[in-house]
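So the chains spell out like this:
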Amino acid sequence: MKFKRLVVGVAAVALALTMTACAGTRGGGGSGSTAEAGAAKGSLVGVAMPTKTSTRWIHDGDAVKSGLEKLGYKVDLEYADDDIPTQVQQISNMLTKGAKVLIIASVDGTALSSQLDQAASKGVKVIAYDRLINGNKNVDYYTTFDNYKVGVQQATSLLEGLGVLDKNGKDTGNAGPFNIELFAGSPDDNNATFFFNGAMATLKPYLDKGVLKVGSGQTGFTQVATQGWQADLAKKRMQDLIASTYSNGQTVNGVLSPYDGLSIGIISALTGAGYATDKLPTITGQDAEIPSVKSIIAGQQYSTIYKDTRKLAGEAVKMADDVLNGKTPEVNDTKSYDNKTKVVPTFLFEPVVVTKDNYKAAVIDTGYYTESDLK
């Protein structure tokens, strides 16, 4: 993503936030106290992101940091290189430095209990960012996309790509059978199970009818999970599946992939095994990362799920600003996200399926990318 576009997007978010602060309490939320807006200006906000290996997390971190700084807050932004002890230490350091709010996209959603307890003892509010933090009552708010729906959309686009459903989502009567393989995300990421469960609920009727067949027989989450969302692990597993299941002349017709990085690894394994780039299986994805959007345009990857992370970053900034000024952040879901100790109040955004047919409207016309980004 071009830096210039990111700055413009962040500036727009900041302007909207400034107008919001002047207007008072936002619809759907409520004033938790009579604290004067802007009274917390200069407070430190800790922002903990999981990794820089995915460009999307870099953009998220930059957007959150810029949005907060536009409102007059100091920001400690850290990336953990997908290492749990690193993130634990980073968050501890943020608290030591005097952070008043923590915005955390966790590496492992179960590994931060001591830090959350420490935050609570200091009166520091915790906002879980895109990944739910589990097993601790001191998670105050959560902002994310509708992750179950992401899985439904991935499975639906797989069925459409195979011709089982038409573009309107209606059954075509195509009985297959189609050979598919399943991939899931990292088992330490709470979202991965939402994606997988949504997808499997959608695919199950077609598996039961025999329209779809998982050639390897690997259908359980633990069998198909990809630790750390690592592309090289997905590539290796796809290579192993081809060798063990599809070396006798059978063809893979579709691959449920939950993330673009994995999709690129899967495509590499398939082309390395002799699949022509113009005759690849229907392959799904998520995050609308530039390499995958280019792959979709080229007719290789079939689909991705676009999640406008500018909105996610903007909502995290709003939540932090509200908390720091004694207001109750707006939420729109108080039922879905149980972290095993409480249902965390959540603000959800809607994801969008992107294919070759609509990528321009989805990611270019919205200003997320430019035409030159995708050349």
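Calculation rules
- Residues numbered from 1 in each chain as written.
- Predicted model: local features only at pLDDT ≥ 70, side-chain atom pairs only at ≥ 80, totals over all residues.
- Heavy atoms only, no water.
- Helix = DSSP H or I, 4+ residues; strand = E, 2+ residues; numbered from the N terminus.
- Buried < 20%, exposed > 50% of the residue type's maximum accessible area, 1.4 Å probe, protein only.
- Contact = heavy atoms within 4.5 Å.
- Areas by Shrake-Rupley, 256 points an atom, 1.4 Å probe, with all protein chains shown as cover.
- Pairing = 2+ DSSP bridges.
- Core = buried A, V, L, I, M, F, W, Y, C linked by side-chain atoms within 4.5 Å.
- Axes fitted to C-alpha atoms, helices over the stretch in contact; angles between N-to-C directions.
- Left-handed = near helix turned anticlockwise from the far one by under 90°.
- Nonpolar A, V, L, I, M, F, W, Y, C, P; charged D, E, K, R; others polar.
- Phe/Tyr/Trp six-rings, centres within 6.5 Å; stacked < 30°, edge-to-face > 60°.
- Lys NZ or Arg CZ within 6 Å of the ring centre and 35° of its normal.
- Salt bridge = Lys/Arg side-chain N within 4 Å of Asp/Glu carboxyl O.
- Right-handed = clockwise from strand over helix to strand, strands pointing away.
- Expected span 1.5 Å × (residues − 1).

> Explain the overall build of the protein to me, using residue names and the numbers behind them.
In terms of helices and strands, the protein carries 12 helices and 14 strands. The buried share of the protein, reckoned over its 375 residues, is 54%. Within the protein, residue pairs in contact and separated by at least 24 positions form 72% of the contacts whose partners lie at least 6 positions apart. In the form shown here, the protein has an accessible surface area of approximately 15,300 Å², with 52% of it arising from carbon and sulfur atoms.

> Break down the sheet that holds strand β10 (residues 282-283) for me, with residues and values.
Pairing within the open sheet is parallel, and its four strands lie in the order β8-β7-β9-β10. For this open sheet the edge positions go to β8 (212-214) and β10, each flanked by a neighbour on one side alone.

> Describe the nonpolar core, listing the residues and the values that go with them.
By size, the foremost hydrophobic cluster in this structure holds 43 residues, and its most contacted members are L182, L203, L212, M238, I266 and L270. Looking at this core, the elements that each hand over two or more residues are α5 (147-162), β7 (178-182), α6 (190-209), β8, α7 (221-224), α8 (231-245), β9 (254-256) and α9 (260-272). A per-element tally of this core places α6 first, with seven residues. The residues contacting M238, other than those within four sequence positions of it, are F183, V252, V255, I266, A269 and L270.

> Can you explain the packing of α8 against α9? Please cite residues and give values.
Running from N to C, α8 and α9 cross one another at 35 degrees; their axes reach a closest spacing of 7 Å. Relative to α9, α8 is oriented so that their crossing is right-handed. Residues A231, A234, K235, M238, Q239 and I242 of α8 form the contact with α9, whose participating residues are G261, L262, G265, I266, S268, A269 and L270. Its residues assigned to classes, the contact of α8 with α9 shows eight nonpolar, four polar and one charged.

> If you had to explain the packing of aromatic side chains to someone new, which residues and values would you point to?
The final tally for this structure, using the stated rule, is nine aromatic pairs. Ring-pair connections join several aromatic residues into one group, and the members of that group are Y142, F194 and Y337. Looking at R56, its charged tip hangs above the ring of W57, at a distance of 3.9 Å from the centre. Sitting over the ring of F183, R237 keeps its end group 4.5 Å from the ring centre.

> Mind laying out the pattern of salt bridges, listing which residues take part and the relevant values?
Applying the stated criterion to the full structure yields 15 salt bridges. Between K307 and D130 there is a salt bridge, with its nearest N and O atoms 4.0 Å apart. Placement of K307 in the loop between β11 (304-306) and α11 (309-324) and of D130 in the loop between β5 (125-129) and β6 (141-145) is noted, with a sequence separation of 177 residues between them. Looking at K307, the relative accessible area reads 3%, which means it is buried. Residue D130 is classed as buried on the basis of its relative accessible area of 2%. Ionic pairing is found between R310 and D308, a salt bridge with its closest N-O pair at 2.8 Å. By sharing partners, the salt bridges in this structure join R56, D60, D130, D287 and K307 into a single network.

> Explain the side chain of S92 to me, using residue names and the numbers behind them.
Tracing the chain through its elements places S92 in helix α3 (residues 84-97). Excluding residues that lie within four positions of it along the chain, S92 makes contacts with Q115 and Q118.

> Tell me about the side chain of N190, and name the residues and values.
With respect to the helices and strands, N190 occurs in helix α6. Taking the relative accessible area as the measure of exposure, N190 reaches 12% and is therefore buried. In contact with N190, other than residues within four places in its own chain, are L132 and N134.

> Which residues make up the pairing of strand β4 (residues 101-104), and what values do they have?
Burial of β4 is two-sided: the residues V101 and I103 facing one way and the residues L102 and I104 facing the other way are all buried. Where strand β2 (residues 44-49) meets β4, four bridges bridge the pair, whose relative direction is parallel. Looking at the pairing, G46 lines up with L102 of β4. Of the strand pairs in this sheet, β4 and β5 are connected by four bridges, and their pairing is parallel. If you follow L102 over to β5, its bridge partner there is V126. Handedness of the β4-helix α4 (residues 113-121)-β5 crossover: right-handed.

> I'd love a proper account of the environment of N174, names of residues and values included.
Positionally, N174 belongs in the loop between α5 and β7. Classification of N174 by relative accessible area gives partly exposed; the value is 33%. Separated by 10 residues in sequence, N174 and V164 place their C-alpha atoms 5.3 Å apart. Setting aside residues up to four positions removed in sequence, N174 forms contacts with L162, G163, V164 and V211.

> Could you give an account of α11, with specific residues and numbers?
In this model α11 runs 22 Å from its N-terminal to its C-terminal C-alpha over 16 residues, within 8% of the 22 Å that 1.5 Å per residue would give. Where burial is concerned, most of α11 is hidden: 13 out of the 16 residues are buried. Phi for G326, located one or two positions after α11, is positive at around 75 degrees.

The quantities given are spatial measurements derived from coordinates; they are silent on function.
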